[in-house]
Each structure stands twice: as C-alpha cells, then as structure tokens.
Amino acid sequence: MEIKLEMLTKVFDNKEKGLTTAVDKLDITIPSGKLIGLLGPSGCGKSTTLYMIAGLLKPTEGKIYFGDENVTDIPPEDRGIGLVFQNYALYPHMTVAQNIMFPLENLKVPKAEAIERAQEMADLVGIGELMDRKPKQLSGGQQQRVAIARALVKKPRVLLLDEPLSNLDARLRLATREEIKRIQRETGITTVFVTHDQEEAMSISDEIVLMELGIKQQVGEPQDVYDKPDNLFVAKFLGTPPINLFDGHIKDGKIMIGDANIGQLKTDDKEVIVGIRPEGFSLTERSSLKVEVDLVETIGRDTTLIIENPTRKGETFRAIVDAEKRIKPGDKIKLNVKPTKLFVFEKDTGELVN
Amino acid sequence: MLEEKHNIKAWLYLAPAMILLLVFTFYPIFNAFFLVFLRDFNFLAGSFDGFTLTENFVYILNKPDFKKALLNTLMIVFVSVPVSVILALLISAWLNSIKKLQGFFQTIFFLPYVTNAIAIGMAFAFLFHRNYGLINTIFNWIGLPSINWVGLGAGYWSSMFALLVFIIWSGLAFKIMVFLSGLQSIDKQYYDAAKVDSTPRSRIFTKITVPLLSPMIAYITITSIIGAFKEYTAVIGMFGVRLGPAGNDGALVTIVALVYEAISRSGSDGAYSEAAAASIILFAITLVFTLINMQVSKKRVHF
Amino acid sequence: MSENRKPTLSKKEQAARKQKIIRLVIVYTLLTFVALFIVTPFYWMILTSLKTAQQIDRIPPILFLKPGDWQLRNFALALQAAPYARFMMNTVIVAAISTFGTIITTVLAAFAFARINFKGRDFIFMILISSMMIPGEMFVITNFMTVNTLGWIRDQSFIDALAAMSFPFMTSIFYLFFLRQTFKQVPDELYLAAKVDGTSDFKYLLKVMIPIAKPTIITIIILNAMGTWNAYIWPNLVSPQNENYRLVSNGLRNAYRDLSGQVAYNEQMSAALIVTIPLLIVFLLLKKQIMRGVSRSGIKG
C-alpha cells in the first residue's frame with residue numbers, strides 16, 4: 001500500500017505558546033511494501049506526522065492517500081493501520097493472548113478464528129510460548145513483540161511504529177531492529193517508523209525521510225542521503241562521529257580552508273562552510289593542509305586523530321585514518337581530503353553548493 | 001479525533017453525577033444562603049415575613065446554647081487535635097523503629113477506624129461508669145476516689161474529659177496510618193548520614209524526621225481541626241441525644257448539634273434560618289482552615 | 001593465648017548494644033500500653049456483653065470471665081429488644097444502593113473528566129473541587145427539605161425511607177476526584193491504541209479503564225459501605241418514626257438511650273458488639289485493601 005502525503009500541515013493551537021506549526025507542507029510518497037524511517041531531532045514533527053497518518057490527529061491542511069483512497073477524513077479504525085507505541089501501550093490487566101486478540105474483538109471476528117490468528121501472529125514475532133503471561137511478566141523486548149503482534153493481527157494495510165526501540169537497552173536494540181526488519185520482510189507490509197536515532201534509521205530503513213522543524217529535509221535511501229546530503233542539516237545529522245565543519249572559501253574554483261587548498265569546485269568566489277566526514281581524510285606527504293595532532297584514540301582497527309580546527313578557535317575536528325602508521329600527540333602531519341567525503345555548503349542558507 | 005471537543009458525549013457521562021450534585025449539593029449551598037436572609041421562615045407552613053440581613057445571625061449568636069456550643073467545640077479542637085497529633089507522631093515513630101510485631105501493632109492501632117462510633121461510644125460511656133466502669137476501678141487501685149464521669153449529675157469537666165478521651169482514641173488510627181506511611185517513605189540515607197555524624201536519636205527525631213514529615217503533619221493537623229469543628233457523632237455515641245450527662249442535658253452541645261437540633265424543629269418559625277446561620281458560621285470557620293490547608297497541600301496534592 | 005583470639009566486643013560496642021536493647025524494651029513497652037489503651041473499650045464491650053445482671057452489679061467489677069460463665073443469652077435478649085436483623089438488612093440495602101449509585105455516577109463522571117475533551121472541563125472540575133470545602137451540615141438543611149418535598153418523610157413507606165436515606169449519597173465529589181486521579185494515571189497511549197482498533201469510548205471504559213482502576217473502585221466500595229454502616233445523623237433525621245426502617249447505629253442509640261435509669265448494660269453491650277463485629281470481620285478479611293486505601297485516600301469513610 002503506497003502512502004502519499006500531500007501538502008500535509010499541522011498547526012497546534014496551544015494556550016501558552018500560541019500557534020505552532022509542527023508539520024509544514026509535507027509532500028512524501030512512501031512506496032508500497034517498504035520500510036521507511038521518519039528521522040529527525042525531537043520536536044521535528046515526525047511523531048505528529050505518524051499520528052496524522054494513523055488518523056489520531058487531524059491535519060490542519062493537506063491530504064493523506066493510501067493508494068488511491070483519500071483517507072484524510074477517515075477515522076483511525078477504518079484506515080486499516082496497525083500502530084505500535086513507544087511505551088507499547090499493552091493493556092496491563094490482560095494476558096498476551098487477550099492483548100493480541102483485543103483488536104479482533106472489535107471486528108467481531110469469531111473467537112476460534114481470533115485465537116488462531118493471535119497464535120499465528122505471536123509465532124511470527126517469536127512470543128508464541130508466552131500467551132498466558134501478563135505484560136508485567138515480560139521483558140521490554142518481549143513486550144515490544146506483543147505490541148507488534150497486536151498491531152499486525154488485524155492484517156492492517158500499513159504498520160506504524162513510534163520510536164520502537166527507544167525503550168530497550170543497547171543490546172536488545174540491535175536484536176530487535178533486525179527482528180523488525182525480518183517481520184517487515186516476511187509480511188511485506190508498508191511500514192513507517194519514527195526515530196530520532198540516525199544509526200537505527202540508517203541500519204534498517206529502505207528509505208529515510210529526514211525532517212527538521214516540521215519541514216522535510218531530504219528523502220532517499222540511507223546511503224544515498226549520507227553520501228549526498230542536500231544541506232548542512234542533513235550532513236550534520238547523519239553520521240557518527242559527526243561531520244567536521246570548517247569555515248572556508250572558494251577562490252578561483254579551489255576549495256580553501258585558510259591557506260590550504262583541499263579540492264576543486266567550479267563556482268563563484270565566496271565564503272562557504274566546508275564539511276568533511278571523519279573518514280574523508282588520509283595521511284599524505286604532499287598536502288597544503290598541515291596540522292598538529294592533539295590527541296590520538298585507537299579503537300580496534302581505527303585510529304582517530306583529534307586536531308584543533310584551524311578555522312574555528314577552540315573547536316577540534318576528527319580524522320579517522322589507518323592504524324598502520326603510529327602517530328603520537330604533537331606530531332605534525334599532512335592530510336589529504338577525499339573528494340567524495342567533501343561537501344561545500346552556502347554560508348547563509350546551508351544548501352549544498354554544486 | 002484527539003483534540004476535538006465532544007461536548008454532548010461528555011455530558012452524557014457527567015449527567016448522573018451532575019444531576020445528583022445539583023439537587024443535593026449545589027442547590028443546598030445556594031439555598032442555605034437564601035434561608036439565612038428570611039424572617040420567621042416556617043418550613044412546614046412554607047411562609048415567611050420578608051427579608052432580613054442580620055436578624056438570623058444575631059439571633060443565633062445571642063443564643064446561650066450557641067456560646068456553649070462554641071466553647072465546647074473550641075475545647076474539642078484545641079485539646080483533642082494537638083494531643084492526638086503528637087501521640088500519633090510518637091506512636092508511628094515507635095512503630096517505624098521496630099521490625100518484629102510491627103504489622104500486629106499496626107492492625108491493633110487501626111481498629112478504632114473500622115468501628116461504629118455509636119457502638120464504641122456506648123462502650124466508652126460504660127468504661128467511665130461511676131460504679132461498674134474500669135476507669136474508676138483503676139483509680140481505686142492507685143488510691144484515688146471514684147469520680148462520677150458521665151453518670152447522673154456528672155459535672156461538666158469530668159464528662160468533657162471522658163468525651164475528649166473518646167475523641168482522641170477515635171482519631172489516632174487514621175493519623176498513625178498517615179504518619180507511618182510518611183515515615184516509611186523517608187529516604188534511609190538521611191538516617192545513615194545522621195548515624196555517621198553520631199547524632200543522638202532524639203535529635204534525629206526533631207531535626208530530621210519531623211521536618212521531613214512536616215507537610216504531612218500540617219495536612220493532618222488542619223484536616224483534624226476542620227473535623228473537630230464538626231464533632232457531633234462522638235457526643236451522641238457517648239451521651240445520646242441528650243448531649244450531656246443525665247441531669248446536665250446539653251452540657252456538651254456542639255455547633256453541628258445546634259444545626260441538627262434546629263432542623264428537627266421543622267414546624268417552628270425561623271428554625272431553618274437558624275440552622276442555615278449556624279452552618280454558615282461553621283463554614284466561615286472551616287473556610288479559614290481550609291484555605292490554610294490548600295496553601296500547605298499545594299506541595300502535596302497534584303490536581 | 002587462645003582466649004585472646006576470641007572475638008570480643010569493644011567496650012564501646014558493648015555499650016551501644018546494651019543501649020539498643022534498653023531502647024527496644026522501652027519502645028515495645030510503650031507500644032503495648034498504647035495497644036492496651038486501644039483495645040480496652042473493645043474488651044470492656046465484650047466482657048460486659050457476656051456478664052449476667054448480677055455480675056454487672058459487682059463492685060469492683062469482674063475483670064475476667066471463664067468461658068463457661070459466658071452469658072451468650074444476652075445476645076438473644078439484645079436481638080429481642082430491638083429488631084437487629086432488620087436493622088442490619090436495612091443497612092445492607094442502603095449501603096448497596098448508595099454504593100452502587102456512587103460507583104456508577106463517579107466512574108462515568110471521572111471518565112469524562114479524565115479522558116474526554118469538552119468545553120469548560122477544567123472550570124467545572126475546579127468548581128467541584130472547591131465545593132468539597134463546604135461542610136456537609138450546610139447541605140443537610142435543604143436536603144431535608146427536599147426529601148420532605150419529594151414526599152419521602154410523611155406517611156413514610158419502606159421504599160420512601162430507603163430513598164431518603166440513599167439518594168443524597170449516590171454520588172461523591174471526593175470519590176470522583178479519587179477515581180479521576182486513578183484514570184489519569186492510565187497512559188494516553190492505551191486510549192490511542194484502543195482508538196486505532198476501533199474501540200468505542202464506553203467499551204474502553206468498561207474493558208480497560210475499570211479493570212485497571214479496580215483497586216481504587218474496591219477501596220471506594222469498602223469505604224462507602226463502611227460509611228453507611230456507621231451513618232447515624234442523616235438516617236436518624238429522615239427516618240425517625242418507624243422502628244423497622246432504622247439502620248444499625250440508630251437502632252443502637254435509640255433502643256438504649258438512657259444512661260441513668262435501669263439499663264441492662266450487658267444487653268446494651270451485646271447489641272453494640274453485634275453492630276461492631278461485622279465491620280471487624282470485614283476489616284480483618286480485607287485488611288491490606290482497607291489500610292492501603294485509607295492511607296491513599298486520606299479520608300474517613
């Protein structure tokens with residue numbers, strides 16, 4: 001089921017804060033059968049968007065289509081969606097089986113069939129043995145699976161997940177994100193999930209939608225967005241450790257950081273912001289980017305050099321280089337910049353300079 | 001959807017409670033303020049002779065019974081509240097310091113809470129019986145003469161004393177309960193820290209326990225004061241509708257007792273306005289304490 | 001040499017231990033005295049209810065009775081002196097009506113205040129909360145007039161008496177507040193999840209909110225029923241004529257109102273015990289529920 005958001009806008013009227021635009025003219029098409037991550041910092045409007053797709057919030061403007069059907073004014077129960085909440089929202093007084101069967105009760109599914117379907121779903125998410133437990137007796141990961149089973153049991157057209165991993169500890173998070181990916185593949189259901197964790201979004205999404213301040217920043221496959229950020233925000237938000245930023249300028253088609261020429265770009269002379277991914281550096285004998293190493297962190301195969309930012313006083317930048325050559329703090333080195341890891345942004349708008 | 005207002009639906013849910021509250025709570029409040037301004041209102045006849053601003057208040061304030069009731073009520077407030085609060089505080093601190101038998105004592109101390117005030121009031125009256133009561137028996141053991149506490153012709157102070165003992169006994173359970181749960185929620189770290197500094201126990205109690213419990217102490221004190229201003233059932237339980245020892249009828253009358261006494265004279269002129277005036281005076285007194293309570297409990301209760 | 005190796009307490013430790021034991025002895029002694037103070041009225045009630053008239057007249061009073069000497073006949077006499085079975089039945093009926101009514105009205109209203117968005121919600125709730133500070137005596141005047149006007153006092157039938165005793169107590173702002181607090185603690189997501197599944201508000205209340213709020217509801221039932229069992233003033237006011245319509249407290253006081261004349265104290269105390277025991281049994285059965293409920297609700301039922 002393809003989901004199409006057209007000029008979707010949500011304005012909240014808050015007594016204290018007045019009008020706030022949570023989502024601003026959002027245009028997205030979510031392809032059928034894919035797993036899409038809605039990504040952004042908290043307060044960027046991603047959860048509001050999810051709730052509008054679910055039908056729990058009414059858009060101020062714009063339309064929502066499931067396939068060709070305009071569902072904008074259809075109540076949530078008639079949209080055919082399954083929704084998993086951040087805190088799972090399991091009914092504490094019901095067993096796992098009763099929780100999973102609860103949506104079917106409203107659809108007047110016969111009891112025997114309901115039991116069968118609940119078991120089927122429980123098996124799919126791997127909690128088939130726990131049907132008689134109460135939510136309190138389950139681990140966070142198991143509760144999460146019950147919530148997914150409950151969302152899927154009525155065979156929704158769309159599965160929506162709100163921060164599905166944020167209540168799990170680090171180890172469970174890894175396992176569960178693989179699990180979500182597997183369940184999504186097996187069912188082939190169009191899935192939208194919301195997260196503020198870029199690593200989480202990058203690792204399992206077929207496509208990510210990056211939002212800030214209610215506005216869509218970039219849409220695409222995770223690696224594409226990482227490799228070709230449209231603007232400074234996207235470049236900064238994706239990647240750990242984050243991208244290094246320098247105040248640079250363009251002179252005669254050369255990208256300059258101070259006196260060092262680190263690349264070529266055919267554009268007018270101007271002040272720019274230069275972004276270089278930490279892995280975009282390499283050690284070299286011949287470069288005009290000469291720096292002194294402040295600190296060295298060696299973790300496994302990577303050596304991270306922490307170096308004073310030549311253009312921003314008091315700030316440092318990170319360069320990840322091969323561990324082969326031993327480098328000590330205080331060493332003077334020369335760095336080369338890989339053109340594919342180098343991005344130039346407009347100083348005022350933050351847009352990528354082509 | 002979520003943010004939409006559902007006025008009709010909400011009022012369907014509210015209707016049963018609201019109708020009852022309107023009839024039995026809100027209308028009576030307004031009506032009390034209406035009745036108090038009627039001159040010679042007769043409920044059974046349904047008649048009255050115009051309006052008056054102060055006559056009913058003046059009448060009740062000048063009534064000898066009212067002065068008696070006010071004095072009795074103040075006596076109950078200013079003796080029973082401090083005594084029971086301090087006792088409850090000590091008892092709960094003792095309870096909190098033991099492990100074995102804590103549950104047993106707690107259960108015993110809670111018993112007065114689940115007791116019918118009339119039934120136990122009668123038992124108290126008999127406990128204070130001049131000839132057959134346990135109190136005088138104990139008095140005789142230790143060489144004191146028997147006292148006519150609550151019997152025929154008993155004096156004011158002895159019967160007031162017996163009443164106060166009963167009221168304090170009845171009020172302990174709830175206070176101990178609240179204080180104990182307060183004590184149990186105090187972080188043990190404070191006590192550990194005090195121990196490290198080798199603080200004496202009495203100092204720990206006055207410098208750590210009481211201050212940390214102070215919101216609860218304030219809450220209990222003020223609600224107890226309000227409750228004590230409304231005392232009536234205890235008097236009925238011990239002395240019956242005569243509100244005092246036989247031969248000294250009405251000696252232990254309270255403000256609330258006056259309200260009910262007036263209501264029971266439904267056929268007489270001005271009785272209901274008198275009741276309204278008494279209840280409004282009571283309201284004014286309790287309002288002062290309630291406002292104090294609200295200031296205090298703002299920290300405690302989250303609406 | 002070997003004696004020296006035995007672990008011996010330093011003088012300081014010994015003193016501390018001694019002090020601790022002394023302190024515990026004092027605390028337990030004090031607590032025992034308080035317990036005796038609390039229990040004495042009950043003991044006196046039970047003891048008196050088991051004495052013969054002659055034993056009552058003994059001075060000084062008999063403080064212990066062998067089980068063989070117990071005058072269980074007193075209970076039969078007490079039950080004959082006034083129709084206690086009838087009083088108890090009346091009390092149970094009134095308690096059932098008012099408790100049932102209270103639960104229905106407060107659950108519905110608390111749900112509206114906790115969950116439904118409607119115009120003036122906060123304002124109305126504030127009015128309700130502030131009216132809690134008005135003493136009940138102020139309502140009683142008009143409520144007595146109201147039940148009179150409704151024809152429940154004059155030529156009172158049993159139904160009239162029941163109506164007069166229960167109707168004013170079929171809802172409670174305090175319990176409404178108490179329930180709303182409980183409902184508010186249920187996470188919003190549960191409601192949203194139910195909405196997504198097409199659950200109606202009423203079904204959500206019935207299937208999710210009420211089961212989750214069960215401990216609170218049970219507390220309210222217990223406190224309300226206890227309140228009716230102990231109610232004296234209002235029932236006495238609205239149902240004074242017919243002895244058959246009385247509740248237990250009224251029956252007790254009205255049957256033995258005289259302290260000076262020839263009172264059969266043993267029968268009186270038997271009657272008091274008959275009224276006290278059901279409540280004590282309920283308490284001992286539901287001890288945890290009641291004690292937790294009371295410390296949470298902070299009021300006397």
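Starting from 1, residues in each chain are numbered consecutively following that chain's sequence as written. Working convention: letters from A go to chains and numbers from 1 go to ligands, in the order in which they are written. Totals for whole chains, interfaces and linings use all residues, but because this is a predicted model, local features are given only for residues with pLDDT of at least 70 and pairs of side-chain atoms are given and counted only at 80 or more. The basis for every side-chain value is the complete set of non-hydrogen atoms in the structure, without hydrogens or water.

A.B. asks: Teacher, can you tell me more about the domain arrangement of chain A here?
C.D. replies: Where the parts come together, the accessible area they lose is often given as the size of the interface. Residue and element names in this part refer to chain A. On domain assignment, one finds that chain A holds domain 1 (3-237) and domain 2 (244-346). Where a domain begins and ends is set by an automatic assignment or by a domain database. Computed from C-alpha coordinates alone, the two centres of domain 1 and domain 2 are separated by 39 Å. On the side of domain 2, seven residues touch domain 1, which itself brings seven residues to the contact. When two parts are brought into contact, each loses some accessible area as probed by a 1.4 Å sphere; the total of that loss over both is the buried area. Contact between domain 1 and domain 2 buries roughly 670 Å² in total, counting both sides, with carbon and sulfur atoms accounting for 62%. Summed over the three residues of domain 1 that lose the most area to domain 2, namely Tyr226, Leu232 and Ala235, the buried surface amounts to 66% of that side. A carboxyl oxygen of Asp or Glu within 4 Å of a side-chain nitrogen of Lys or Arg is what we treat as a salt bridge. Our count for the domain 1 to domain 2 interface comes out at zero salt bridges. What makes two residues a contact is simply this: any of their non-hydrogen atoms within 4.5 Å.

A.B. asks: Can you walk me through the confidence of the model for chain B in this structure?
C.D. replies: Detailed conclusions should not be drawn from predicted coordinates in areas where pLDDT is low. pLDDT measures the predictor's confidence residue by residue and takes values from 0 up to 100. Predicted confidence across chain B gives a mean pLDDT of 88, with 96% of residues reaching 70 or more. Under the prediction, the complex receives an ipTM of 0.89, its pTM being 0.84.

A.B. asks: Explanation requested: a negative patch on the surface in the structure shown.
C.D. replies: Here the term patch refers to residues with relative accessible area over 30% and no salt bridge, with like charges joined within 9 Å and nonpolar side chains (Val, Leu, Ile, Met, Phe, Trp, Tyr) within 5 Å. To measure how exposed things are, a 1.4 Å probe is used in the Shrake-Rupley method; for residues, cover is taken only from the protein chains shown. By the counting rule applied here, Lys and Arg register as positive and Asp and Glu as negative, while His and the ends of each chain are not counted. Each charge is placed at NZ for Lys, CZ for Arg, CG for Asp and CD for Glu. Taken together, A:Glu116, A:Glu120, A:Asp123 and A:Glu129 make up a surface patch of like negative charges. Labels follow the DSSP assignment, with helices taken as runs of H or I lasting at least four residues and strands as runs of E lasting at least two, numbered in each case from the N terminus. Looking at where A:Asp123 falls in the secondary structure, it is placed in helix 3 (residues 111-125).

A.B. asks: How should the nonpolar core be read in this particular structure?
C.D. replies: Here is a general trend for soluble globular proteins: nonpolar side chains tend to be buried in one another's company. In this structure, B:Phe109, B:Leu163, B:Met238, B:Ile263, B:Tyr272 and C:Phe183 are the most contacted members of the largest nonpolar core, which totals 246 residues. Looking at this core element by element, the count peaks at 18 residues for helix 7 (residues 156-184) of chain B. For B:Ile263, the contacting residues outside a window of four places in its chain are B:Tyr272, B:Ala275, C:Val140, C:Ile141, C:Phe144 and C:Leu237. Take the buried Ala, Val, Leu, Ile, Met, Phe, Trp, Tyr and Cys residues and link them wherever side-chain atoms come within 4.5 Å; each set so joined is a nonpolar core. We call a residue buried when its accessible area falls under 20% of the maximum for its residue type, exposed when it is over 50%, and partly exposed in between, using a 1.4 Å probe and counting protein chains only. Judged by nonpolar contacts, the second largest core, of 36 residues, contains A:Leu90, A:Leu124, A:Ala147 and A:Ile189.

A.B. asks: For this particular structure, what's the right way to read the sheet that holds strand 16 (residues 289-299) of chain A?
C.D. replies: The pairing of strands in a sheet happens through backbone hydrogen bonds and is either parallel or antiparallel. All names here are of chain A. Each pair of strands is called paired provided DSSP finds at least two bridges between the two strands. Strand order in the open sheet formed by five strands is 15-19-16-17-18, and the pairing between neighbours is antiparallel. Of all the strands in the sheet, just strand 15 (281-283) and strand 18 (316-322) have a single pairing partner and so form its edges. Across this sheet, the average inter-strand angle for adjacent strands is 50 degrees, counted without regard to direction. All axes here are fitted lines through C-alpha atoms, helices being fitted over the stretch that makes contact, and every angle between N-to-C directions spans 0 to 180 degrees.

A.B. asks: How should the interface of chain C and chain A be read in this particular structure?
C.D. replies: Taken together, the contact between chain C and chain A spans 16 residues of the former and 20 residues of the latter. Here chain C meets chain A over a buried area of about 1600 Å², counting both sides, of which 64% is carbon and sulfur. Three residues stand out in chain C for area buried against chain A, namely C:Glu189, C:Val196 and C:Asp197, and they jointly supply 37% of the buried area on that side. Summed over the shared surface of chain C and chain A, the number is three salt bridges. Within 3.5 Å is the distance limit for a polar contact, defined as a pair of N or O atoms, with the added protein rule that one can donate a hydrogen and the other accept it, and that residues adjacent in sequence qualify only through two side-chain atoms. If you look at where chain C meets chain A, you find 10 residue pairs in polar contact (both at pLDDT 80 or more). Among the elements of the structure, helix 10 (188-196) and helix 11 (201-212) of chain C are those that each provide at least two residues to the side of chain C that touches chain A.

A.B. asks: Looking at this structure, I do not really get the side chain of C:Thr146. What am I missing?
C.D. replies: Looking at where C:Thr146 falls in the secondary structure, it is placed in helix 7 (residues 136-149). Judged by its relative accessible area of 14%, C:Thr146 falls in the buried class. Not counting residues within four places of it along the chain, the set of residues in contact with C:Thr146 comprises B:Val23, B:Phe24 and B:Tyr27.

A.B. asks: How should the sheet that holds strand 7 (residues 158-162) of chain A be read in this particular structure?
C.D. replies: Residue and element names in this part refer to chain A. Spatial strand order, 6-7-8-3-9-10: six strands in an open sheet with mixed pairing. Only two strands of the sheet have a single partner each, and these edge strands are strand 6 (81-84) and strand 10 (215-220). Within the sheet, the average angular offset between the axes of one strand and its neighbour, ignoring direction, is 15 degrees.

A.B. asks: When you look at helix 3 of chain A in this model, what are you seeing that I'm missing?
C.D. replies: In an α-helix, one turn spans 3.6 residues, which is why side chains three or four residues apart end up on the same side. Residues and elements named next belong to chain A. To estimate how far a helix should extend, the number of its residues minus one is multiplied by 1.5 Å. With 15 residues, helix 3 extends 21 Å between its outermost C-alpha atoms, agreeing within 8% with the 21 Å of an ideal straight helix rising 1.5 Å per residue. Inspection of helix 3 places Ala114, Arg117, Ala118, Met121, Ala122, Leu124 and Val125 among the buried residues, and these make up the whole buried set. End-on view of helix 3: buried residues confined to an arc of 155 degrees, all on one side of the axis. The outward face of helix 3, more than 90 degrees from its buried face, is lined by the exposed residues Ala112 and Glu116. Buried residues in helix 3 make contact with helix 2 (96-106), helix 4 (140-152) and helix 5 (170-187). Regarding the arc, it is the one traced by the directions from the helix axis to the C-beta atoms.

A.B. asks: Please explain unusual backbone geometry as it appears in this structure.
C.D. replies: Generally, phi is negative for residues other than glycine and the peptide bonds are trans, each holding for most cases. With an omega dihedral of -10 degrees, the bond running from A:Thr240 to A:Pro241 counts as a cis peptide bond. You will see that B:Leu243, though not glycine, has its phi angle at about 55 degrees, which is positive. By secondary structure assignment, the location of B:Leu243 is in the loop between helix 10 (233-239) and helix 11 (255-264).

A.B. asks: Just to check I follow, could you spell out the pairing of strand 14 (residues 270-276) of chain A for this structure?
C.D. replies: The two faces of the sheet receive side chains in turn, since in a regular strand these alternate between them. Residues and elements named next belong to chain A. The element strand 14 is extensively covered by neighbouring structure, given that five of its seven residues are classed as buried. Pairing between strand 11 (residues 244-251) and strand 14: seven bridges, direction antiparallel. The residue of strand 14 that forms the bridge with Phe246 is Val274. Relative to strand 20 (residues 342-346), strand 14 is paired through five bridges, and the arrangement is antiparallel. Following the sheet pairing, Gly275 is matched in strand 20 by Phe343.

A.B. asks: When you look at a positive patch on the surface in this model, what are you seeing that I'm missing?
C.D. replies: A surface patch of positive charge is lined by B:Lys99, B:Lys195, B:Arg201, C:Arg17 and C:Lys20. Within the fold, B:Arg201 resides in helix 9 (residues 201-229). Assessed through its relative accessible area of 49%, B:Arg201 is described here as partly exposed.

A.B. asks: Even after reading the chapter, I still don't get the pairing of strand 16 of chain A, so can you show me in this structure?
C.D. replies: All names here are of chain A. Note that strand 16 and strand 19 (residues 332-337) share four bridges and pair antiparallel. For Glu292, the partnering residue across the bridge sits in strand 19 and is Lys332. Pairing between strand 16 and strand 17 (residues 302-308): six bridges, direction antiparallel. In the strand pairing of strand 17, Val296 is matched with Leu305.

A.B. asks: I tried to follow the interface of chain B and chain C on my own but got confused; where do I start?
C.D. replies: On the chain C side, the residues contacting the 105 residues of chain B number 102 residues. It is B:Tyr13, B:Phe24 and B:Tyr113 that lose the most area in chain B upon contact with chain C, and together they represent 9% of the buried surface on that side. Remark: the boundary between chain B and chain C carries one salt bridge. Note that B:Lys9 is salt-bridged to C:Asp201, the shortest N-O span being 2.6 Å. Inspection of the chain B/chain C interface yields 15 residue pairs in polar contact (both at pLDDT 80 or more). When residues of the side of chain B that touches chain C are assigned to their parent elements, the largest contribution, 22 residues, is made by helix 1 (residues 7-35) of chain B.

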